[in-house]
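# Remarks on the overall topology
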Amino acid sequence: MTAAVKIYSTNSCPYCVRAKQLLERKGIAYTEINLSTEAPEVRMELMEKTRHRTVPQIFIDEQFIGGFDQLYALDREGKLDQFI
């Protein structure tokens, strides 16, 4: 079973690019929600849900993982593959 990975990003975010590159390098499919093109209320709902204002915001099977640093740490510790 493959986990559902969702990444909230913006057009001008270098950490969003890095997170997507890491997922792609590992062959992990993801759904991207670009907050630059979504209605403002989507961003507000996300911030209320996670209490984080920055992007990327990454979810694996609806579990909030965090941003790029947390995703990278999971991979470095060998734990990312356990989620997927």
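First things first, this report covers the structure right here in the doc. Given the structure is predicted, the values throughout are model-derived calculations rather than measurements. (Residues numbered from 1 in each chain as written. Predicted model: local features only at pLDDT ≥ 70, side-chain atom pairs only at ≥ 80, totals over all residues. Heavy atoms only, no water.)

## Brief notes about the overall build of the protein
- Helices and strands together make up the secondary structure of the protein, namely four helices and four strands.
- Listing every helix and strand of the protein by position from the N terminus yields β-α-β-α-β-β-α-α.
- Taken over the C-alpha trace, the protein has a radius of gyration of 12 Å; the compact-globule value for 84 residues is 12 Å, and the two agree within 12%.
- Oriented by its inertia axes, the alpha-carbon framework of the protein measures out at about 35 × 20 × 20 Å.
- In the protein, the share of contacts with a sequence separation of at least 24, taken over all contacts with a separation of at least 6, comes to 57%.
- Of the roughly 5400 Å² of accessible surface on the protein, 47% is carried by carbon and sulfur atoms. (Helix = DSSP H or I, 4+ residues; strand = E, 2+ residues; numbered from the N terminus. Rg over C-alpha atoms; globule rule 2.2 N^0.38 Å. Contact = heavy atoms within 4.5 Å. Areas by Shrake-Rupley, 256 points an atom, 1.4 Å probe, with all protein chains shown as cover.)

## Digging into the environment of V5
- Tracing the backbone through its elements, the reader meets V5 in strand β1 (residues 5-9).
- Spatially, the C-alpha atom of V5 lies 16 Å from that of Y15, the residues being 10 residues apart in sequence.

## Let's talk about unusual backbone geometry
- The omega torsion of the bond from V55 to P56 falls at 0 degrees, within 30 degrees of zero and hence cis.
- Positive phi is not limited to glycine here, since D61 has a value of about 50 degrees.
- On the secondary structure map, D61 appears in the loop between β3 (57-60) and β4 (63-66).
- The class of D61 is partly exposed, set by a relative accessible area of 40%. (Buried < 20%, exposed > 50% of the residue type's maximum accessible area, 1.4 Å probe, protein only.)

## A short note on the pattern of salt bridges
- Across all of its chains, the model carries four salt bridges by this definition.
- Notably, a salt bridge pairs K79 with E77, separated by 3.5 Å at the nearest N-O pair.
- Put simply, K26, D75 and D81 are held in one network by salt bridges that share partners. (Salt bridge = Lys/Arg side-chain N within 4 Å of Asp/Glu carboxyl O.)

## What to know about the sheet that holds β3
- As summarised here, the arrangement of the four strands in space is β2-β1-β3-β4, forming an open sheet in which the pairing is mixed. Both outer strands of the open sheet, β2 (31-34) and β4, are each paired with one neighbouring strand and no more. Taking each pair of neighbouring strands and ignoring which way they run, the sheet shows an average axis angle of 25 degrees.
- As judged from the four bridges shared by β1 and β2, these two strands associate in the parallel manner. Across the sheet, residue Y8 finds its bridge partner in β2, namely I33.
- Across the face of the sheet, helix α1 (residues 14-25) comes into contact with β1, β2 and β3 while running at roughly 160 degrees to β1.
- Its contacts with the sheet place helix α3 (residues 68-76) against β3 and β4, and it is angled at close to 95 degrees to β4. (Pairing = 2+ DSSP bridges. Axes fitted to C-alpha atoms, helices over the stretch in contact; angles between N-to-C directions.)

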